[in-house]
Amino acid sequence: MSKAAGHGPPKRSLQGRLRRRLATSLGSGSKAVAADEEPLRLDLRGLWCLIGAWAAALVGVRLSLPQQGMAVLLLLGLSGLGVLLLLRPRHALFGGDTAPLFAAPALLCTAAGLVLANLALSGATTVPEPLRQAAEDSAVIRVRVELAGTPRASLVADKFSEDSRGHTRYQVEARAGSMRGGDVWLPAESEVILGYADSLAPAGTRPTRGTVVEVLARITPTPAGQRSRFRLTAVAPLVVLETDGQPGLAERMRQKFRQHAMVLPEPGRALLPAMIYGDRGGQDEELSDAMKAAGLSHLSAVSGANCAMVLGAAFALCRLFGVPRLPTLLLGMAALCGFVLLVGYEPSVLRAAVMGAIAAFSVHSSRGRNGLSALCLAVVVLLAIDPYLAGEAAFQLSALATAGIVLIGRRLAEKLSRWLPQFLAEGTAIAVAAQIACLPVLVALSPSFSLYSVPANLLVAPLIPWITITGTLGIVVLMVSAPLGGLLIWAAGIPAAGVGLVGVWVAALPGALRPWPTGVVGIVLAWALFIAIFFSLGNAPERPGTWRSRIPRGVQSMATGLLLGLTLPVTALVPAPSVAWLVVACDVGQGDGLVLNAGPAGAIVVDTGREPPDIDACLRRLRVEKIAALFITHQHADHDGGIAGAGKNRQVGQLFYSVLDDPAKPPAVNGLRGEQLESGDEGSAGTVAWRVLAPGGTDTKMDENDASLVIRFEIQVPGTGRTVSMLATGDMQETPMGALLASGTVQRADILKIAHHGAANGGTEIMDVVRPAVALISVGKDNTYGHPSPDIIGALKERGVPALRTDEHGTLVLGWEDGGLAVAVLESLRPAQ
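Just so it is clear, the model here is predicted, and its values are computed rather than measured.

Draft legend 1. Just empty space enclosed by the protein, in detail. Inspection of every chain in the model, using the stated rule, returns 2 cavities of 30 Å³ or more. Of the volumes computed, that of the largest cavity is approximately 80 Å³. In terms of lining residues, the largest cavity is bounded by Thr-729, Met-737, Leu-752, Lys-753, Ile-754, Ala-755, Ala-759, Gly-762, Gly-763, Ile-766, Met-767 and Ile-792. When contributions to the lining of the largest cavity are tallied by element, the ones reaching two or more residues are β23 (751-753) and α27 (765-770).

Next up, the structure:
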């Protein structure tokens, strides 16, 4: 008997194991082919739980505590009823087997009830009364907060200044602890977002997680449903009260990595920290816009792909060295936990980490790799722990990308492998599946899609695992050996620079960012594409007698291809409504009526003319259904007489005004009372931001005209990264305007609304300061005041500024076309007299 026969099989050498594993990975045996031909397993039980948990989380964070309690009782009652009906498979009332009828609602109500119960018990939605009252008035308060992370730096330009240089600004999630009220500190515990300029940062130290600071800040509420209930904008330097001493190990590792990455060439220097642990502070606006246009912005944030690569690398190493199954699982989980601690608790990282852990345990227990079930369980667990994740776009995109890969990626790869090499088919399938699945959320955030996203992702796909694994390993090795860690950073940084260069190159290609229909139509169209592709790939079983069983598979595929072929080219012909018009000077006769496009927030209206029907007709023609903010520059009839028409059948969010003397009755619309403004006040709505430059309480005001609001507006042009500025001047006359110009607060603007309908007493000095590209004059035809003055028209002509007049052209529309301002004219919108 041979030695091998007498003592069992010979031990395999490391080289032999490696050789066999490589051969298996590169081969395409019959077993692998058979696995690809297995039908997709769809466990809809998990899907019903996911729907219930997600809906409860989205709604629950907007409910009060009593409402949450009532909803929990109702949902758990319905769940119990469903369970009782499930225990009786046949019921006389319904007839036949009732299990399929009640299983889905029971699972949905159970998951929703558990999420809401945890939300109610945790009290996460309660708001301290002192903070709520201060936020209603946008008051400046003194508050003590504990930082929940390290402040994230970003480069921003002051959009109210001619200085286009980037300035560093910091933002960080924090938890407010107390608020100063008189001579005492009041308890005010709540999640907040703290923002401050670099000039207000604590001297000599950079705050980290756990640092307690005292700050004088303006407090404003955030939109309903957000985790952080308030936004704090510092108006004075931060004062550090407590620190955690030395930064934690993870923070020290990130700091050391940042320092060593500074020697890399651009754009690798900016991209590598973002690709490894999500630090985008080094990216400028140009690089960020290029990555978005190329469809590569997801690479500069930590996502589930990073977790998957770390977990996969750990498992591969363990198998390579013959580590048994259970220790492999434990070591993989340890590596995953270490990576999460290193990069921080981002929503996509949490989702991927939980899903990876569930999937790993599923495989270890021989229950198979049902990706959809693992995804559903991971999402339900995370939403039960933190319901606010449901409303965060990063979490939505991460979950949808995984769902797309699970539901259509595998089948698509199988189809593509008939014409493409296996590696190329799988890469294309993953990129296409993730892009299509994420499209509903992407078009809701910005009505556009990246035309070259798939080829761009395929170009950089071979580099991503190397960058992720090598860069992550470099962070760890740096703490032991700086030379070796620096070498690993260079090894990851050069490919990261290549990714950035690909992004810049792709973004410069013609039509890189294509428009998409906005609103409900765009979202429904995106979901329709995903559903059509899912069914056309043969994922769902076809039951005899159904409509799908009567339609040949080839016809289904052709219909889906036709839908894709028609949709993608047609979207190029559908401009986003938010870009179609930016500023409109309504023809309201002898008066002012301006409308600014604020995107999804609605419109900004500045003055309403004399007659309500005039401004109403203009707003109806523009299809304005919601006014985010209404400004009355001063209380003269030709500026506020039409206020009722502006509010007719429309929701008005905010009403602002100015007046020479405090009126006994401020203006009101639809029950909303006006708020008086003065210089220094600022705000924003949707895509529009504003700052009030005047009046400022000086003694130069002589009459109501001189009390006019002078406002600088900044209007974002969606999809371009550009802004258009406009200076609205009301009826302010030359003397107070001269004092305002002397103060230096007035800067250059793209659009100038000429003061006082072009009257000579508005002066011409402002034209030299603002240097506009175009001037708007809102004035009535054949008016008896002699407006506009020939002096004003002549001064504009001398400076080469086009004077656009409502008395000559009717309603004027300023939009954006071919990289610049475009002007259009509408026929008179005023109703017949």
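Draft legend 2. Fine view of the sheet that holds strand β25 (residues 803-805). Pairing is mixed in the open sheet, where 7 strands are placed in the order β19-β20-β21-β22-β23-β24-β25. Since the sheet does not close on itself, it has two edges, and those belong to β19 (682-685) and β25, each with one partner. Neighbour-to-neighbour, the strand axes of the sheet open up by a mean angle of 20°, direction not taken into account. Note that strand β22 (residues 722-728) and β23 share 3 bridges and pair parallel.

Draft legend 3. Looking closely at the pattern of salt bridges. This model, assessed by the stated rule, comprises 16 salt bridges. The shortest N-O distance in the salt bridge between Arg-175 and Glu-191 comes to 2.8 Å. Separated by 16 residues along the polypeptide, Arg-175 in strand β3 (residues 167-181) and Glu-191 in strand β4 (residues 184-197) bring together distant segments of the chain. On the accessibility criterion, Arg-175 (36% relative accessible area) is partly exposed. Here Glu-266 and Arg-269 are joined by a salt bridge, their closest N and O atoms 3.8 Å apart. Residue classification places Arg-269 among the partly exposed positions, given a relative accessible area of 30%.

Draft legend 4. Just the pairing of strand β12 (residues 603-606), in detail. Burial along β12 is two-sided: the face carrying Ala-603 and Val-605 and the face carrying Ile-604 and Val-606 are both buried. Pairing analysis gives 4 bridges linking strand β11 (residues 594-597) to β12, with the strands arranged antiparallel. The residue of β12 that forms the bridge with Leu-594 is Val-606. Remark: 5 residues form the turn of the hairpin made by β11 and β12, two consecutive strands paired antiparallel; Gly-599 in that turn has positive phi of roughly 70°. Across 4 bridges, the pairing between β12 and strand β13 (residues 626-632) is parallel. For Val-606, the partnering residue across the bridge sits in β13 and is Phe-631. This β-α-β element, β12 to helix α23 (residues 612-621) to β13, shows right-handed connectivity.

What counts and how
- Residues numbered from 1 in each chain as written.
- Predicted model: local features only at pLDDT ≥ 70, side-chain atom pairs only at ≥ 80, totals over all residues.
- Heavy atoms only, no water.
- 1 Å grid on protein atoms, 1.4 Å probe; cavity = no way out; pocket = protein on both sides within 12 Å on 5 of 7 lines; lining within 4 Å.
- Points joined across faces, edges and corners; volume = space filled by probe spheres on them.
- Helix = DSSP H or I, 4+ residues; strand = E, 2+ residues; numbered from the N terminus.
- Pairing = 2+ DSSP bridges.
- Axes fitted to C-alpha atoms, helices over the stretch in contact; angles between N-to-C directions.
- Salt bridge = Lys/Arg side-chain N within 4 Å of Asp/Glu carboxyl O.
- Buried < 20%, exposed > 50% of the residue type's maximum accessible area, 1.4 Å probe, protein only.
- Right-handed = clockwise from strand over helix to strand, strands pointing away.

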